[in-house]
Amino acid sequence: MLSSLTIQDFVIVDKLDLHFAPGMSVLSGETGAGKSILVDALSLCLGARADASQVREGCERANITAVFELNPAAKAILDEQSIDCSEGELHLRRAIESNGRSKAYINGTPVPASTLKELSETLIDIHGQHAFQTLAKPGEQLRLLDDFGQHNELLQATSQSYFRLKNAEKALKQAQSSQEDRAARLENLQWKLDSLSKVNPKAGEWETLSSDFDRLSHGAELIEGTQHASNVLAQNEDALLDQLTQVIEKLSHLSTRDPALEGVVKTLSEGEILIREASYDLGNYLKHCDLDPDTLAEVEARMSLWHETARKLRIQPETLHTEMESVQAEIKGLEEGFDVEKLQKELNAARQAYDIQANLLTTARLKAAQTLSKRVTESMQTLSMQGGVFVVDVAKGEPSTQGSDNIEFRVAGHPGVTPQAIQKVASGGELARISLAITVNTVENTSVPTLIFDEVDSGIGGAVAETVGRYLRLLAANKQVLCVTHLPQVAAQGHNHFQVSKDISAQTTRSKIVQLESKARVEEIARMLGGQVITEATRTAAHEMIASANS
């Protein structure tokens, strides 16, 4: 529900702070006073396009803030956007600069205008005075019928089935049109796989081969060097270990004369241990090393095969293993993805699933169409269209995300006349009344808590106007209704009444809105009845109209 609206420096409004209650609130005023400014300002807070001309002349920017009570659908959007809504309210603000740029905020968090627009669908439905123009569009007629029938779940399921059908059609078409390309690609891949299979490369094998080759190709040098080191350390007559042992024995004897040499003896003893270990390791290496020429020849042959295959495929040797995995995966994908028989079966299954889902939606639409046709026809009888008929025609159409139906609203304004498409109904007054009848009967099922009617009563009057007012008041039993009107019969039905007036002073025009109490409300409805000259008769009539609405 809309709780409040604050407007500053917008068009001809300098400062305005309005608070709204549940029920039906009406806004009235003379032509040109700015009744629709409130709707325009609210539309901006809900993501409408901003324009520099909307900033009051001489001001740097316009600011509009709308406060709504939080509902579950709006909360879900805020949670998705990570916007705090812990206080249970929605503060939507739009700032429009004099250069035309605008900024949008939700609970103080900057957001794109598109987020406001998405949020608006959970908060408000706005019905303008030319609503019948959009009613002539097939897409709008389809939306209204589905909203009336509450077909959201069926629509989602049908849409998903349709996309699965389209994907299956695309896959089959690609398979059928790419047979030559597929065959050529498979042939090339198979050639690659045959070449790679001769090598049968393993993960990490190239690194092992490279290390072994480097070691084996320097076998003689390794043996000669390690043997020399072993001799110097322990094998020669004057081996290092023998000399070191003698030095340790001599210094150990001297350390009994001077304890200061004990540290040196200890260090040399540790070194002797390490050298003996190194000498042992060298001997073990020489005993077990596989530096024979036959092993080297095997490694060289294996590396040569890797190099040859890599040159053939124009890749690096170290990538042979990953290349083989990639080729195998692509071959598998091509063989499975282009199994035309399998894809045809999948398409048939997808088409059958879509047809089932679309038929369920068609059945639901036929039922909703029958109910809506009956209700709007009944409403037309009370809107001075006795004998008129409204029909929602559901015909077979092309498959789409919204099912396989063509929806058309048809109307006969008089008895004995064949219903025609609503856009062919000539009378503007009839169109306005039919539009209102459709609107009243379809908005009941909308989930949004607030409905705004901007002069939807244009072109009607008299007893019909009173009926329209009663319809709107009836809606207000379950929804918050805001109605901009010029008809006293409609204004009298409101629970709350706001008057819009225009003040011209000091060569400046300002629009202001005030909420009317009982006496002032009688005066305003009397003005709407009788014009500028208000008589006791018009006051009496106004008072009776208000009393009748509240009875």
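Cut-offs applied
- Residues numbered from 1 in each chain as written.
- Predicted model: local features only at pLDDT ≥ 70, side-chain atom pairs only at ≥ 80, totals over all residues.
- Heavy atoms only, no water.
- Buried < 20%, exposed > 50% of the residue type's maximum accessible area, 1.4 Å probe, protein only.
- Helix = DSSP H or I, 4+ residues; strand = E, 2+ residues; numbered from the N terminus.
- Pairing = 2+ DSSP bridges.
- Polar contact = N/O pair within 3.5 Å; in protein donor to acceptor, adjacent residues only side chain to side chain.
- Contact = heavy atoms within 4.5 Å.
- Axes fitted to C-alpha atoms, helices over the stretch in contact; angles between N-to-C directions.
- Parallel < 35°, antiparallel > 145°, perpendicular 65-115°, else oblique.
- Left-handed = near helix turned anticlockwise from the far one by under 90°.
- Nonpolar A, V, L, I, M, F, W, Y, C, P; charged D, E, K, R; others polar.
- Salt bridge = Lys/Arg side-chain N within 4 Å of Asp/Glu carboxyl O.
- Phe/Tyr/Trp six-rings, centres within 6.5 Å; stacked < 30°, edge-to-face > 60°.
- Expected span 1.5 Å × (residues − 1).
- Core = buried A, V, L, I, M, F, W, Y, C linked by side-chain atoms within 4.5 Å.

S.K.: Teacher, can you tell me more about the pairing of strand 13 (residues 480-484) here?
M.R.: Put simply, side chains in a regular strand alternate between the two faces of the sheet. Taking burial as the measure, the five residues of strand 13 include five buried ones, the bulk of the element. Going residue by residue along strand 13, you find Q480, L482 and V484 tucked away on one face and V481 and C483 tucked away on the opposite face as well. Bridge analysis of strand 3 (residues 24-29) against strand 13 gives four bridges, and the strand direction is parallel. Note that in strand 13 the partner of V26 across the bridge is C483. As judged from the five bridges shared by strand 12 (residues 450-454) and strand 13, these two strands associate in the parallel manner.

S.K.: Sorry, what's going on with the side chain of S43 here?
M.R.: Relative to the helices and strands, S43 is located in helix 1 (residues 37-45). At 2.8 Å, the side chain of S43 and the backbone oxygen of V39 are in polar contact. The residues touching S43, leaving out its near neighbours within four places in the chain, are A48 and I126.

S.K.: For this particular structure, what's the right way to read the packing of helix 18 (residues 518-530) against helix 19 (residues 536-550)?
M.R.: Helix-helix packing: each pair is described by the crossing angle between the helix axes and the interaxial distance. Across the interface, helix 18 lies against helix 19 with an axial gap of 8 Å and an inter-helix angle of 115°. As judged from the angle between their axes, helix 18 and helix 19 are roughly perpendicular. Crossing geometry of helix 18 relative to helix 19 is assigned as right-handed. On helix 19, the residues touching R521, V522, E523, I525, A526, L529 and G530 of helix 18 are T538, R539, A541, A542, H543, M545 and I546. For the contact of helix 18 with helix 19, a count of residues per class yields eight nonpolar, three polar and three charged.

S.K.: Mind showing me how you'd approach the pattern of salt bridges here?
M.R.: Within this structure, the stated rule accounts for 22 salt bridges. Its salt-bridge partner being K75, residue D79 comes within 2.9 Å of it at the nearest N-O pair. On the criterion of helical spacing, the pair formed by D79 and K75 is a turn pair, its members being four residues apart in helix 2 (residues 72-80). Among the ionic pairs, R351 bridges to E169, the shortest N-O distance being 3.8 Å. Of the two residues, R351 is situated in helix 14 (residues 340-381) and E169 in helix 6 (residues 152-177); the sequence distance between them amounts to 182 residues. What you see here is one network of salt bridges that share partners, running through E60, R61 and E97.

S.K.: Help me understand the packing of aromatic side chains, please; the structure alone is not making it clear to me.
M.R.: One pair of aromatic rings is described through two measures. These are the centre distance and the angle between the planes. What the rule picks out here adds up to four aromatic pairs. Seen in terms of ring centroids, F20 and F498 are 5.4 Å apart; in terms of plane orientation they differ by 50°. Their pairing is tilted. Here F498 lies in strand 14 (residues 496-505) and F20 lies in the loop between strand 2 (13-19) and strand 3, a separation of 478 residues in the sequence. We note that F20, like F498, is buried. Grouping aromatic residues by their ring pairs yields a cluster made of Y162, F163 and Y354.

S.K.: Please clarify how the sheet that holds strand 9 (residues 389-400) should be interpreted in this entry.
M.R.: Across a sheet, strands are paired by hydrogen bonds formed along the backbone, either parallel or antiparallel in direction. The strand order across the open sheet built from three strands is 9-10-11, with neighbouring strands paired in antiparallel fashion. Strands at the two margins of the open sheet, each flanked by one partner only, are strand 9 and strand 11 (420-421). This element, helix 5 (residues 138-149), spans strand 9 and strand 10 (403-412) of the sheet and lies at about 95° to strand 10. Packed onto the sheet, helix 14 meets strand 9 and strand 10 and runs at close to 165° relative to strand 9.

S.K.: It is not clear to me how helix 18 should be interpreted in this structure. Could you clarify?
M.R.: Each full turn of the α-helix corresponds to 3.6 residues, which orients residues three or four apart in the same direction. Here helix 18 spans 18 Å end to end across 13 residues, near enough to the 18 Å set by a 1.5 Å rise per residue. Those residues of helix 18 that fall on the buried side of the exposure criterion are R521, V522, E524, I525, A526, R527 and M528. Along its buried surface, helix 18 packs onto strand 3, helix 17 (488-491), strand 14 and helix 19.

S.K.: Help me understand the nonpolar core in this model?
M.R.: As a rule of thumb, nonpolar side chains are buried together in soluble globular proteins. One finds F390, F409 and I438 to be the most contacted residues of the largest nonpolar core, which totals 53 residues. With 45 residues, the next largest nonpolar core counts F10, L27, C85 and L90 among its residues.

S.K.: What is the right way to read unusual backbone geometry from this model?
M.R.: It is generally the case that most residues other than glycine have a negative phi and that most peptide bonds are trans. In this model, V11 sits at a positive phi of 55°, which is unusual for a non-glycine residue. For V11, the location among the structural elements is in the loop between strand 1 (2-10) and strand 2. The class of V11 is partly exposed, set by a relative accessible area of 32%.

S.K.: When you look at the packing of helix 5 against helix 14 in this model, what are you seeing that I'm missing?
M.R.: As a packed pair, helix 5 and helix 14 sit with axes 9 Å apart at the nearest point and diverge in direction by 90°. Compared by their axis directions, helix 5 and helix 14 come out roughly perpendicular. Packed against helix 5, whose contacting residues are L142, L145, D146, F148 and G149, the element helix 14 presents L361, R365, A368, A369, T371, L372 and R375 at the interface. Looking at side-chain class alone, the contact of helix 5 with helix 14 contains seven nonpolar, two polar and three charged residues.

S.K.: Please clarify how the environment of A432 should be interpreted in this entry.
M.R.: Residue placement: A432 occurs in helix 15 (residues 428-442). In this structure the C-alpha to C-alpha distance between A432 and I460, which are 28 residues apart in sequence, comes to 7.9 Å.

S.K.: Looking at this structure, how should I read the sheet that holds strand 6 (residues 102-106)?
M.R.: Taken in spatial order, the six strands of this open sheet run 2-1-4-5-6-7, and their pairing is antiparallel. Every other strand in the sheet has two partners, leaving strand 2 and strand 7 (109-111) as the edge strands with one partner each. Between one strand axis and the next, the sheet turns by 15° as a mean value, whatever way the strands run.

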